[in-house]
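Each chain, letter by letter, is given below.
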Amino acid sequence: MKLESFAESVVYEHRRKVIAVTLAVVFILALGLPGVVLDTTLEQFRGGTPEHDAGNYIDQELSGQAPNSTGSFVVVRDDENVLTKERYRQQLRAQERIRNDPIIGPTLVDDQQPLGIANVVAIVKIRRDQGVDASNITVEPRPSLDRQMAAVANLSTFERKLYTAYAVGLVLDDVENTWPEGGAFSMVPTSYEANQRVATSTAIVVSHRDDTPAEELARSQTRMADIVDEEVDGEALVIGEGVVDDELRRSSFDSLGIVGPLAFLFIFLVLLYAYRDFYDVALGLFGVGLVLVWTFGFMGWTGIVFNQLFVAVPVLLMGLSIDYAIHVFMRYREERPPEGPPASANVGGFEFGGEERQPSVREAMAVGLGGVTAALALVTITTATGFLSNVASDIGPIQQFGIVSAVGIIGALVVFGFLMPALKVELDERLEARGHDRRLQAFGTGGGRLSAALAAPLAAARSSPKGVLAAALLVTFVAAGGAATVDTTFEQTDLLVDEVPEWMESLGPLAPGEYSAADNIEFANNATYVYSGTTTQILVRGDITRDDTLERVQRASDAANETDVVLVLPDNRPGTQSPVRVMEDLAEDDEAFAEVFEAADTDGNGVPDQNLARVYDAFYEAAPNGAANWVQREDGEYVALRLVIPVDGTAGEATIADQIRPTADPVDGNGLEATPTGQPIENQAVADDLFSTVIDSFVITILVVLGVLVAVYRRVEGYASLGVVTLLPVVFAVAWITGSMAALGIPFNVMTALITSFTVGLGIDYSIHVSERYIYELNREVGMEEALERAVFGTGGALLGSTASTAGGIAILGLALLVPLQQFGIITALTIVYAFIGSVVVLPSLLVLWTEWADADPAAVPEHVKRRRERRE
């Protein structure tokens, strides 16, 4: 079907059917909206990497953490020593309330009740009163909490100091004590010993059931901090997945709640200025709403979870939808100017009885829609397939983002290529029947400052197209040099609210809530507590009974100890723990095990190098709980072991990962597989995948879009080279935006990693509209000069309105709470501006050069040459 026939079919024959069917489809998709689930946790991004798989393996097979549980801890900080008798009593009272609280209690793991230094001191008191030697005291099984409280109440000052030292130095350091993972330094900072065994902070470690719903877990952890605040002198801080995930979720809603109304108001006012008509603005915004319902309804039906990335989906679809709407409406207006006949008979005039008259609403829409349908279809094909390239990413949410974006882009075509023209005809005909003149000026075509602004690139393209191209290439090369320096980051703290601006606190009902997770994590890192955020590990799998296994493990441990990020304990020893170190400590207290351990060490270096299966057997016999925490035995076979490397959390996750990853090299290979893991390394693995996604999606998108453009333009226009010319400004824009990121210090992160796809998606949209309008006018044989003028003033004016509204609205994200969301808003706004510059400033010059090179202007071809070409065709 020819485009003109398609447009006439939509406008004349099947207009009301189009309206009914499209609205019915949107209604059906809308039924899926209640099924959209929000998940802002970072775990979904980590999934699928070898580092994440190794971490899960350790959690299930080699960790002291209870199965199917997640940890948190409440830190109490003060200016005074918190390791006193009265503070211990307060902590135990707080624990009693925590256990019995109706909100917290159901989330706790029965076999791993909250534990703090107060519990361990109380247990030491009880066991010592029973005559148990301090070296033989274990935390489990625990006496009742009532007995612990009674024991602390009877502590003398001497006992309090001595038993605190026992708790930190002996009991929690014992091989059989497998939880918490960090031992004593999960509960006291590493500065404890250096400060004469006093501390200004301490922690209570908690295990929660991991099947607890996210909101209940967050409420439980927040409630714990409230209880500790009420019962214990000092300030309580809580750190855990629940509160972190809650802040990630709330910050997204708070940000959108603040910037959303501002962005909508800005877009509304700009569109009102561009359209100069309330009805068209309302119709356009209604269409945008339908596209969003179409997209999120699809997510609900397919079970795709809404996460941080999908904040970008409304932005993308809003930009494309506004662009589609403006092009359809403005092209329609060009065919039906406000007064008199069109300026030229070639711009849609209709002749009856030799007299030219204004086209009717239907006639104008049929011509206008026919003029932009090819561009809309080509934009949809290229942009949708470009975003689908994200399915090549190793990160699940990015794959889903690509699919959802493609579906939304198709929805935009359906709504603005079918429904809106039909509704526009219905609306304008009814209004004109009531006496309202619906002939309006197309944006940028009525003279004035806007026309003057658009005249500049037109004049440059006519006078010096090569100069414009040279300037564009120079800027591109400079920007590309900076683009190579853009960092890639994926750190938990980057996605947390660091500080709420003062002006937001005065917004009344829109004011954001309180955010403390970032400060709490910073405090725990500075105090050098050992927890999941400051713990890295190396999982070793394979034939771990090889004679050289423990020698290689020791070399890995030595390498870790030589890094700048390893945590140094109060005794000036690195905190690295491995089966070798644990077995050395066990051998000092167990003669039977020591005999086996030493017999397996043939070279006297303190590391067994033969009969390792026998060493592991003896390890399990001497300390079954402890051995299972370090060496995995499965059906009588030894299949895995691990090293634990606590790190200085203030070093930054990228630095930690860079230094810890190579420490696995001495173990990896020759029958063994060594995988570094832990939160810092898992996050950096995601960062690496993000960078791969940036590169891969850009290359795939460019190749796919180029292939589509070349094929379509060769088939439809006979010029494959026009596809290359249309894409070239988009490639320039990618270099400009990545160079701008380098200049502004903005890294690729979970939000900005998609910016290359955005640039191609939005940039090709703008470029196709200009190229399509130019070739459309060129084929009407108006001549290159006139075709270029109509493309720049007509299409360029529409693009200017689209750019102003979309870029300005998105830039308001710069006021968001989340730094990555701020960065995304700034960079996306720049992307839209660069797409406009590429299509309206650079592309016209490229089209002039291409037309001359390809001899593509029919008006400039002599008649006899035209006839010869026609005969060949």
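Worth saying up front: this structure is predicted, and the values here are computed from it rather than measured.

How each quantity is defined
Residues numbered from 1 in each chain as written. Predicted model: local features only at pLDDT ≥ 70, side-chain atom pairs only at ≥ 80, totals over all residues. Heavy atoms only, no water. Helix = DSSP H or I, 4+ residues; strand = E, 2+ residues; numbered from the N terminus. Buried < 20%, exposed > 50% of the residue type's maximum accessible area, 1.4 Å probe, protein only. Contact = heavy atoms within 4.5 Å. Areas by Shrake-Rupley, 256 points an atom, 1.4 Å probe, with all protein chains shown as cover. Lys, Arg positive; Asp, Glu negative; His and termini not counted. Charge placed at Lys NZ, Arg CZ, Asp CG, Glu CD. Pairing = 2+ DSSP bridges. Axes fitted to C-alpha atoms, helices over the stretch in contact; angles between N-to-C directions. Patch = residues over 30% accessible without salt bridge, like charges linked within 9 Å, V, L, I, M, F, W, Y side chains within 5 Å. Salt bridge = Lys/Arg side-chain N within 4 Å of Asp/Glu carboxyl O. Parallel < 35°, antiparallel > 145°, perpendicular 65-115°, else oblique. Nonpolar A, V, L, I, M, F, W, Y, C, P; charged D, E, K, R; others polar. Core = buried A, V, L, I, M, F, W, Y, C linked by side-chain atoms within 4.5 Å. Expected span 1.5 Å × (residues − 1). Polar contact = N/O pair within 3.5 Å; in protein donor to acceptor, adjacent residues only side chain to side chain. Left-handed = near helix turned anticlockwise from the far one by under 90°. pLDDT = per-residue confidence, 0-100. Phe/Tyr/Trp six-rings, centres within 6.5 Å; stacked < 30°, edge-to-face > 60°. Lys NZ or Arg CZ within 6 Å of the ring centre and 35° of its normal.

S.K.: Give a description of the overall build of the protein chain that names residues and reports values.
M.R.: Along the protein chain, the regular secondary structure elements total 29 helices and 10 strands. Taking the principal axes of its C-alpha atoms as reference, the protein chain extends roughly 120 × 60 × 45 Å. Residues classed as buried in the protein chain amount to 58% of the 873 residues present. Partitioning the contacts of the protein chain with sequence separation of at least 6, the portion at a separation of at least 24 is 79%. Carbon and sulfur atoms provide 54% of the accessible area of the protein chain, an area that totals close to 34400 Å². Across the protein chain, the centroid of the 60 positively charged side chains sits 11 Å from that of the 116 negatively charged ones.

S.K.: Report on the sheet that holds strand β7 (residues 535-542), specifying residues and quantitative values.
M.R.: Here four strands make up an open sheet; going across it, the order is β8-β9-β7-β10 and the pairing antiparallel. Edge positions in the sheet fall to β8 (631-634) and β10 (672-678), since each of these pairs with one other strand and no more. Strand after strand, the sheet turns through a mean of 20° between neighbouring axes, direction not considered. As paired strands, β7 and β10 are joined by seven bridges and run antiparallel to one another. Bridge pairing links G542 to L672 in β10.

S.K.: Tell me what's going on with a negative patch on the surface, and back it up with residues and numbers.
M.R.: A cluster of like negative charges, contributed by D498, E499, E502, E505, D519 and E522, occupies part of the molecular surface. Along the polypeptide, E502 turns up in the loop between α16 (465-483) and α17 (517-526). By relative accessible area, E502 is classed as exposed at 69%.

S.K.: Lay out the packing of helix α18 (residues 549-561) against helix α19 (residues 579-589) with the relevant residues and their values.
M.R.: Helix-helix packing is described using two parameters, namely the angle between the two axes and the distance between the axes. Contact geometry of α18 with α19 gives a least axis separation of 9 Å together with a crossing angle of 105°. Taken as axis vectors, α18 and α19 run roughly perpendicular relative to one another. Residue-level contacts link L550, V553 and Q554 of α18 to P579, V580 and M583 of α19. Here the contact of α18 with α19 is built from residues that sort into five nonpolar, one polar and no charged.

S.K.: Summarise the pairing of β8; cite the residues concerned and give the values.
M.R.: Here β8 pairs with strand β9 (residues 637-646) via four bridges, running antiparallel. By the bridge assignment for β9, Q632 is matched with A640. Linkage of β8 to β9, two consecutive antiparallel strands, is achieved through a turn of two residues, within which D635 is found at a positive phi near 55°.

S.K.: Quick one: what's the story with the environment of V725, residue by residue and with numbers?
M.R.: Looking at the element boundaries, V725 is found in helix α25 (residues 721-744). Residue V725 is classed as buried on the basis of its relative accessible area, which comes to 13%. Spatially, the C-alpha atom of V725 lies 9.7 Å from that of L849, the residues being 124 residues apart in sequence. In contact with V725, not counting residues within four places along its chain, are L843, L846, L847 and W850.

S.K.: Can you break down the pattern of salt bridges residue by residue, with the values?
M.R.: Inspection of the entire model under this criterion finds 41 salt bridges. The residue D246 makes a salt bridge to R249 at a minimum N-O spacing of 3.2 Å. Of this pair, D246 and R249 both sit in helix α10 (residues 241-275), three residues apart, which is roughly one turn of that helix. Using a relative accessible area of 17% as the deciding quantity, one classes D246 as buried. Salt bridges sharing common partners tie together D277, D280, R333, K424, D428 and R438.

S.K.: Which residues make up the nonpolar core, and what values do they have?
M.R.: In terms of nonpolar packing, the biggest core is built from 203 residues, with F73, I117, F401, F758 and Y774 touching the most fellow members. The biggest single contributor to this core is helix α28 (residues 819-854), with 16 residues. When residues no more than four places from it in sequence are discounted, the contact partners of I117 are L83, Y88, Q91, A167, V168, L172, M187, V188, T202 and A203. Core analysis: the second largest hydrophobic core is formed by 45 residues, F597, V615, I656 and I681 among them.

S.K.: Residue-level account of helix α4 (residues 50-61), with values.
M.R.: The end-to-end C-alpha distance of α4 is 16 Å, a good match for the 16 Å that 12 residues give at a rise of 1.5 Å each. Of all the positions in α4, only E51, H52, A54, G55, Y57 and I58 are classed as buried.

S.K.: Would you mind going over the side chain of R15 in detail, with residue names and values included?
M.R.: Structurally, R15 is set in helix α2 (residues 15-30). With a relative accessible area of 6%, R15 lands in the buried category. A distance of 2.7 Å separates a polar atom in the side chain of R15 from a polar atom in the side chain of E426. In this structure, R15 is in contact with S9, V10, R362, A422, V425, E426 and E429, ignoring residues within four places of it in sequence.

S.K.: Before we move on, can you summarise unusual backbone geometry with the specific residues and values?
M.R.: Glycine aside, residues mostly have negative phi angles, and peptide bonds mostly take the trans form. Cis peptide bonds are those with omega within 30 degrees of zero, and the linkage from E140 to P141 qualifies with -5°. Put simply, W179 and P180 share a cis peptide bond, and its omega is 0°.

S.K.: Help me get a handle on the packing of α10 against helix α27 (residues 784-811), residues and values and all.
M.R.: For the pair α10 and α27, interaxial distance at closest approach is 8 Å and the crossing angle is 165°. Judged by the angle between their axes, α10 and α27 are roughly antiparallel. Once α10 is placed against α27, the crossing between them reads as right-handed. Taken together, the residues of α27 that come into contact with α10 (itself represented by A263, F266, I267, V270 and L271) are G801, A804, S805, G808 and G809.

S.K.: Go over the sheet that holds strand β4 (residues 235-240), please, and point to the residues and values.
M.R.: Pairing is antiparallel in the open sheet, where four strands are placed in the order β2-β3-β1-β4. Edge positions in the sheet fall to β2 (115-116) and β4, since each of these pairs with one other strand and no more. In this sheet, β4 lies alongside strand β1 (residues 69-77) in antiparallel orientation, the contact comprising six bridges. Bridge pairing in β4 links V75 to L237. Relative to the sheet, helix α9 (residues 214-231) contacts β1, β3 (201-209) and β4, its axis offset from that of β4 by approximately 160°.

S.K.: Quick one: what's the story with the side chain of R333, residue by residue and with numbers?
M.R.: The residue R333 is located in helix α12 (residues 312-334) in this model. Taking the relative accessible area as the measure of exposure, R333 reaches 3% and is therefore buried. Here the side chain of R333 touches Y275 through a polar contact of 2.8 Å, landing on its backbone oxygen.

S.K.: Explain a nonpolar patch on the surface to me, and be specific about the residues and the numbers.
M.R.: There is a patch of nonpolar side chains on the surface, built from F27, I28, L31 and W301 and spanning about 480 Å² of accessible area. Mapped onto the elements of the fold, F27 is located in helix α2. Take F27: its relative accessible area is 55%, and that puts it in the exposed class.

S.K.: Outline the confidence of the model for the protein chain, listing residues and values.
M.R.: Close inspection of predicted coordinates is inappropriate in any region flagged by low pLDDT. Per-residue confidence for the protein chain averages 87 on the pLDDT scale, and 94% of its residues sit at or above 70. Considering only residues more than four positions removed or in separate chains, one finds that residues 342-355, a stretch of pLDDT under 50, has 25 contacts.

S.K.: Quick rundown of the packing of aromatic side chains? Include the residues and the values.
M.R.: Applying the stated rule across the entire model yields 18 aromatic pairs. With a centroid separation of 5.3 Å and an interplanar angle of 50°, the aromatic rings of F73 and Y531 are classed as tilted. Of this pair, F73 sits in strand β1 while Y531 sits in the loop between α17 and β7, placing them 458 residues apart in sequence. Arranged with centres 6.1 Å apart and planes meeting at 25°, the rings of Y163 and Y166 form a pair that is stacked. With Y163 and Y166 both in helix α8 (residues 157-171), this residue pair falls three residues apart, about one helical turn. In this structure Y166 comes out as partly exposed when scored by relative accessible area, which is 22%. Members of the aromatic cluster, connected to one another through ring pairs, are F296, F306, F310, F387 and F401. Across from the ring centre of Y515, 4.5 Å away, lies the NZ or CZ of R250, which sits over that ring. Stacked on the ring of W630, the Lys or Arg R642 has its end atom at 4.9 Å from the ring centre.

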